[in-house]
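Here's the letter readout for the chains.
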Protein chains: 2
Amino acid sequence: MSVSVHPPAGGVPTVDVVPLGGLGEFGLNMMAISCEDTTIVIDAGAMFPEADLPGVDLIVPDLAYLDSRKGQLKGLVLTHGHEDHIGGVPYVIPHLNGAIYGTALALAFVANKLEEHSLEPQTVEVKPGSVITIGPFTLEFVRVTHSMPDCVAVVVRTPQGVLLHTGDFKVDQTPLDGQPFDLHRFAQLGAEGVLAMFCDSTNIDRRGYTGSEAEVEDAFEEIFTSTEGKIVVATFSSSLYRLQIIVDLAAQFDRKVAFVGRGMIENSQIAQRLGFLHIPTGVAIKDSDVSIFPAQDVVCLATGSQGEANAALSRIAIDDHRHVSLKDGDRVVFSARKIPGNEKAIGRVMNHLARRGVDIVTDSNKHVHVSGHGSEEELKLVLSLVRPKYFVPVHGEYRQLAQHARVARFVTRGLPSPVEVLMAENGDVLRFDAEGGRKADKAPVGRVLIDGTRVGEVGDEVLRDRRHLATDGLIVPVVAINAQTGIIEGVPELVARGFVSDEGTADLLAEGARVVAKTIRECSVEERTDPGLIRERIRVELRKFLKKRTGRRPMVLPVVMEI
Amino acid sequence: MSVSVHPPAGGVPTVDVVPLGGLGEFGLNMMAISCEDTTIVIDAGAMFPEADLPGVDLIVPDLAYLDSRKGQLKGLVLTHGHEDHIGGVPYVIPHLNGAIYGTALALAFVANKLEEHSLEPQTVEVKPGSVITIGPFTLEFVRVTHSMPDCVAVVVRTPQGVLLHTGDFKVDQTPLDGQPFDLHRFAQLGAEGVLAMFCDSTNIDRRGYTGSEAEVEDAFEEIFTSTEGKIVVATFSSSLYRLQIIVDLAAQFDRKVAFVGRGMIENSQIAQRLGFLHIPTGVAIKDSDVSIFPAQDVVCLATGSQGEANAALSRIAIDDHRHVSLKDGDRVVFSARKIPGNEKAIGRVMNHLARRGVDIVTDSNKHVHVSGHGSEEELKLVLSLVRPKYFVPVHGEYRQLAQHARVARFVTRGLPSPVEVLMAENGDVLRFDAEGGRKADKAPVGRVLIDGTRVGEVGDEVLRDRRHLATDGLIVPVVAINAQTGIIEGVPELVARGFVSDEGTADLLAEGARVVAKTIRECSVEERTDPGLIRERIRVELRKFLKKRTGRRPMVLPVVMEI
């Protein structure tokens, strides 16, 4: 079916597009598309918390919008298998009244998660070129290239026109699996007329072209040539092209390959089973066998490129790994980008490795990493091919979305109808109807902190302890007050935590306790018998005292017991 | 005087060199050199805390080592005026029994700090070539190039031989002030024989040459040419070459220059007074006059390149600055490196600017910044010139020091006597005597958190609030127990803070309170009347309960009142 991009007024049902994540600093990806009584969701990502959320293991989007469409979520569509696109799937399933649609690899990566949550939703495998219908929507999948195989863009034909969601992509002209970005289909869609394109903005601030996954081969060949000891390559376990390059070089240089770290082991098995990773016979060994081979005969592919406290590389760095230990002459290659916020953790792991005498290679001294997201010129290319009526930059922080909008206007300024940019933030309801496209409403949006899984627990404990020590300012003054007389029972006690302490601290706290007692004595009986009032009085006076005496402003958390 | 690098055994006094900062993650610079009853300190830096130390304004080195040398600190020698080399000076003065030695600019930057602390130590201005004697030490200052003018390396002639401390440097072959790195003197010292060299390692992991400060001129010229609105350049106020480049372009393009932000105003005035910054008449305007000029006629040099919450740029970004506001068509240039840990804060400032429609330029899309520290080839060059007997990499994290050590061995491997590397960490006592140089002892070392100044207060408040909200796990169970009977008085209370809360939390806390009561009831009278024991019991049981019920492990901080 072909839908005009200028639908006749009246009668044609409205289409709402609601980004629920991926825009702004909340970097996980999820977008809902609703028409009449049907909603579909494209991607359901999760992200990992930073140090400022200790004890939190996972962040997923608030799904209140889906609650408001109860029973109407007829499909969950996945563009590819990266955590920030599939990590939230288990939390969406309870809302799902239909199937999960995705490529073989994406579904395989999801399968593990579903198992962990003992969920068994219906799944439908799609291929580039597949067309499926969900209520008023007809979906088509178009191959794009990225840092992992089997990635697609999603075309959603709606009563209002054609929507195109690019997913994550770069234009890799020499993909390792020989499956190129489908430029022709993008061109055809552009010719046919696209109502709105939702486009990855991650690397808009990088000029030129990102480059092919194949680009890192030379640097790794040089590393295999020049390394006398063990080679450990830390990368994302989903970066299957990277894994394939290492495996091939290992075969070529007669090294055994060991996959180290749970994610690396699981994903490499999945990828092999599905034919996305080819390991010549005799090349792969178990991580438990690494120690029985000479250092120069082994290369390890390990998790932990982000300095995650519990990942394989972090354990190896502090010589706390069951199977892999490193020494002088060995080499560790960081073959991944530093996710902002992880720089310090990564640096610490590097320092530990350096203490072992290990040589460290990063993309700052060798070309061992290439991004999976298209740079400015690739984004321009896709814009020129698709020429959508409405352009919605997604997947980036606001500054990047704004820059992408600027570029889009610039690229299409010469066209009879330059793109209209819709600058959306998470939760904005983009409505398409007879009057065209616009921000029409705001849906509930936010983040949900998932906690209590076993994942990264030790790391969180460490973080939490560090924070408890670092907080530098919790004082809990405790007083028991006779509910009738308002007279203090016993002596006020001050409990301090994370308070930068020296020999003077004990005296300070004792004096603080006297301040509390004095404060209460000076209150009226009415105040003294009103826990709310007395708490506030104590807080104010104690803060004043502490500021004056120490210059510090600890959090003061008075506890008043009525007995 | 010329001292042999192989001092005759016996009679010659020992020389101890003690790095007190600058090695490892503790990135402020300070080094003590002691011989007989004389100690000198080279540099006394400070660093700013990260989010994990809310309420802390400044971090300076622990000075216990100087306490142990009471009255013997005869000189404080400064290599240049950067915060991480002079920020701690006011805290060293009380230990100082002599003068501060530094170049005109370094001393001028220190003067402000001394004033703030109302300190008036003796100061001695030195120039490249100056020679001064302090007890058994004869010091000579050698010009080096860096990101600011008037920087020197320090030669310390000791009874054991010549020590060379490079300070921060790069080899800028085209310095803006025409004052080149004194390669000849370094060569002469190498010919004479240097016992030990202490060398900047900051950029050892960058290949090639860092490049001249002049390199950014083209990018800025392009920016002045193409910007229709206001230009705001955020950089370090001490980066005087950068400031000069902007001022000269402003004059050339008929824009007025405004210095915005306290540090920028103060430092530009100092630099002008000393002749390190030349501003043509009529070019400079007050920040308060920015608003009366058309946008296209103004360029602002602003503080805040690191996203500091209280700096000028952060206020401008949220349109909260008294004098400067930005709009569509204006441009903000980030002309500084991102100090690790600041990436997120900088990103947020950029997002705010983007919301104003401002175009953002960083060194990722234009060459608007060049580092002040020498890359691998420059460090090799200095090594080749000096060829010290002992090489001590300083000023870098461990992985960088280790890499620098590797490079040093490689560079000198062909020499009759390749360098001996001494890998030191802060507090290591490097002893030089008849037996040569070695790690001989460990001095007390650490960091002191300076707090309670007015600097960055709001920023800290914001941080602190965010942390209080984020902490996700403080539970304070409070019980009053009769000291005699061990019976609970009143009802146990649970106070929670930073606990990710939902509608179930109140019930949870109530139930937790019952758990506490039950725990106490089940204790023996002995336990119940022993605050230590009962606290631990409560902590264990409550943690168990909370973990089971919520999967979380909040910090449990029992308060037991005996009444």
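Position numbers for residues start from 1 in each chain and track the written sequence from start to end. Naming scheme: in the order in which they are written, chains are lettered from A and ligands are numbered from 1. Only residues with pLDDT of 70 or above have their local features reported here, since the model is predicted, and side-chain atom pairs are shown and tallied only from 80 upward, although totals for entire chains, interfaces and linings are computed over all residues. Values shown for side chains rest on all heavy atoms present in the structure; no hydrogens or waters enter the calculation.

1. Some thoughts on the overall build of chain A
And then number 1: Here a strand is any run of E in DSSP of at least two residues, a helix any run of H or I of at least four, and the numbering for each starts at the N terminus. Summing up its helical and strand segments, chain A has 16 helices and 27 strands in all.
And then number 2: Exposure is judged per residue with a 1.4 Å probe applied to protein chains only, and the accessible area is read against the type maximum: over 50% gives exposed, under 20% gives buried, and values in between give partly exposed. Classification of the 563 residues of chain A by burial places 59% in the buried group.
And then number 3: Contacts are assigned to residue pairs with any non-hydrogen atoms lying within 4.5 Å of each other. Residue pairs at least 24 apart in sequence account for 72% of intrachain contacts in chain A once pairs closer than 6 positions are excluded.
And then number 4: When the accessible surface of chain A is totalled, it reaches about 21,700 Å², and 50% of it is carbon and sulfur. Every accessible area reported is derived by Shrake-Rupley at a probe size of 1.4 Å, with residue values counting cover from the shown protein chains alone.

2. Looking at the sheet that holds strand 18 (residues 359-361) of chain A
Residue and element names in this part refer to chain A.
And then number 1: DSSP bridges decide pairing: two strands pair if at least two such bridges lie between them. Ordered by their spatial adjacency, six strands build an open sheet running 15-14-16-13-17-18, and the pairing between neighbours is parallel. Since the sheet does not close on itself, it has two edges, and those belong to strand 15 (284-285) and strand 18, each with one partner.
And then number 2: When strand 14 (residues 256-260) meets strand 16 (residues 298-302), the two strands line up parallel, connected through five bridges. Its bridge partner being in strand 16, A258 is matched across the sheet by C300.
And then number 3: Axis definition: a line fitted to C-alpha atoms, limited for helices to the stretch in contact. Angles are taken between N-to-C directions and run from 0 to 180 degrees. Helix 10 (residues 343-355) rests against strand 17 (331-334) and strand 18 of the sheet, and its axis sits at about 165 degrees to strand 17.

3. Here's the deal with the packing of aromatic side chains
And then number 1: Centre distance within 6.5 Å is the pairing criterion for rings of Phe, Tyr and Trp, where only the six-membered ring of Trp is used; planes under 30 degrees apart are then read as stacked, over 60 as edge-to-face, and the remainder as tilted. Tallied over the full model, the rule gives eight aromatic pairs over all chains.
And then number 2: With a centroid separation of 4.9 Å and an interplanar angle of 40 degrees, the aromatic rings of F181 of chain B and F186 of chain B are classed as tilted. There is no split in this pair, since F181 of chain B and F186 of chain B are both buried.
And then number 3: An aromatic cluster is built from F169, F181 and F186 of chain A, whose rings are joined through pairwise contacts.
And then number 4: Two limits define a charge over a ring: the Lys NZ or Arg CZ must be within 6 Å of the ring centre, and within 35 degrees of the ring normal. The ring of Y398 of chain B is capped by R355 of chain A, whose NZ or CZ atom sits 4.4 Å from the centre of that ring.

4. A word on the pattern of salt bridges
And then number 1: Here a salt bridge means any side-chain nitrogen of Lys or Arg lying within 4 Å of a carboxyl oxygen belonging to Asp or Glu. The final tally for this structure, using the stated rule, is 56 salt bridges over all chains.
And then number 2: Among the salt bridges present, the one from R406 of chain B reaches D359 of chain A, with a minimum N-O distance of 3.6 Å. Here the residue R406 of chain B occupies a position in helix 12 (residues 398-412), and D359 of chain A occupies one in strand 18, the pair thus bridging two chains.

5. Comments concerning the sheet that holds strand 11 (residues 161-165) of chain A
Residues and elements named next belong to chain A.
And then number 1: Ordered in space as 8-9-10-11-12-19-20, the seven strands form an open sheet in which the pairing is mixed. Two strands lie at the open edges of the sheet, namely strand 8 (131-134) and strand 20 (420-421), each paired on one side alone.
And then number 2: As judged from the two bridges shared by strand 19 (residues 390-394) and strand 20, these two strands associate in the parallel manner. Counted as the bridge partner of F391 is V421 from strand 20.
And then number 3: Against the sheet, helix 11 (residues 376-386) contacts strand 11, strand 12 (196-200) and strand 19, and its axis sits at roughly 170 degrees relative to strand 12.

6. Things to note about unusual backbone geometry
All names here are of chain A.
And then number 1: Of note in the backbone geometry, D43 takes a positive phi value of approximately 65 degrees without being a glycine.
And then number 2: With respect to the helices, strands and loops of the structure, D43 is situated in strand 3 (residues 38-44).
And then number 3: Here D43 falls in the buried class, since its relative accessible area comes to 0%.
And then number 4: Phi angles above zero are rare outside glycine, and S118 is one such case at about 35 degrees.
And then number 5: Topologically, S118 is positioned in the loop between helix 4 (104-116) and strand 7 (123-125).
And then number 6: A residue is classified by how much of its surface remains accessible, and S118, at 64% relative accessible area, is exposed.

7. Focus on the state of the cysteines
In protein structure, a disulfide is the covalent linkage between the sulfur atoms of two cysteines.
Residue and element names in this part refer to chain A.
And then number 1: Any two cysteine sulfur atoms within 2.5 Å of one another count as a disulfide. Applying the stated criterion to the full structure yields zero disulfides over all chains.
And then number 2: No disulfide involves C199; its nearest neighbouring cysteine sulfur is the one of C151, lying 14 Å away.
And then number 3: For C199, a relative accessible area of 0% corresponds to the buried category.

8. Let's talk about the nonpolar core
And then number 1: In this text, buried Ala, Val, Leu, Ile, Met, Phe, Trp, Tyr and Cys residues form a nonpolar core when linked through side-chain atoms within 4.5 Å. Of all hydrophobic cores here, the largest spans 141 residues; its most connected members are V89, L139, F198 and F432 of chain A together with L353 of chain B.
And then number 2: Excluding anything up to four places from it in sequence, F432 of chain A contacts T14, V15, V17, Q160, L195, A196, F198, Y390, L422 and G437 of chain A.
And then number 3: In terms of nonpolar packing, the next biggest core, distinct from the first, is built from 140 residues, L73, A99, F169 and V283 of chain B among them.

9. Notes on helix 10 (residues 343-355) of chain B
Note that an α-helix has 3.6 residues per turn; residues three or four places apart therefore point the same way.
And then number 1: In a helix, the anticipated span is given by 1.5 Å times the number of residues less one. Between the first and last C-alpha of helix 10 of chain B there are 18 Å, a value that for 13 residues agrees with the 18 Å anticipated at 1.5 Å per step.
And then number 2: For helix 10 of chain B, the complete set of buried residues consists of E343, I346, G347, V349, M350, N351, L353 and A354 of chain B.
And then number 3: Residues of helix 10 of chain B that are buried make contact with helix 10 and helix 12 (398-412) of chain A together with helix 9 (312-317), strand 17 (331-334) and strand 18 (359-361) of chain B.

10. Describing the pairing of strand 17 of chain B
Residues in a regular strand project their side chains so that they alternate between the two faces of the sheet.
Residues and elements named next belong to chain B.
And then number 1: Of the two faces of strand 17, the one carrying R331 and V333 and the one carrying V332 and F334 are both buried.
And then number 2: Pairing of strand 13 (residues 231-234) with strand 17, which is carried by four bridges, proceeds in the parallel orientation. In the strand pairing of strand 17, V233 is matched with V333.
And then number 3: The sheet contact formed by strand 17 and strand 18 spans three bridges and is parallel. What sits directly across from V333, in strand 18, is V361.
And then number 4: Running through helix 10, the crossover from strand 17 to the neighbouring parallel element strand 18 is right-handed. Place the viewer so that the strands point away; then a crossover is right-handed whenever the path from the first strand over the helix to the second strand goes clockwise.

11. With respect to the side chain of Q244 of chain B
And then number 1: As for its position among the elements, Q244 of chain B is in helix 7 (residues 240-252).
And then number 2: Not counting chain neighbours up to four residues away, the residues in contact with Q244 of chain B comprise F276, L277 and H278 of chain B.

12. Some remarks on the side chain of H369 of chain A
All names here are of chain A.
And then number 1: Take H369: it is sitting in the loop between strand 18 and helix 11.
And then number 2: For H369, the side chain forms a polar contact with the side chain of R242, separated by 3.0 Å.
And then number 3: A polar contact is formed between the side chain of H369 and the backbone nitrogen of R337, at a distance of 3.3 Å.
And then number 4: Not counting chain neighbours up to four residues away, the residues in contact with H369 comprise V216, R242, S335, A336, R337 and D363. Counting of polar contacts relies on pairs of N or O atoms within 3.5 Å, with two restrictions inside protein: one atom must be capable of donating a hydrogen and the other of accepting it, and residues adjacent in sequence are counted only when both atoms are side-chain atoms.

13. Focus: the pairing of strand 24 (residues 474-481) of chain A
Residue and element names in this part refer to chain A.
And then number 1: A large share of strand 24 lies buried, amounting to eight of its eight residues.
And then number 2: Burial along strand 24 is two-sided: L474, V476, V478 and A480 and I475, P477, V479 and I481, pointing in opposite directions, are all buried.
And then number 3: Note: strand 24 against strand 26 (residues 555-556), two bridges, orientation parallel. Bridge pairing in strand 26 links I475 to V556.

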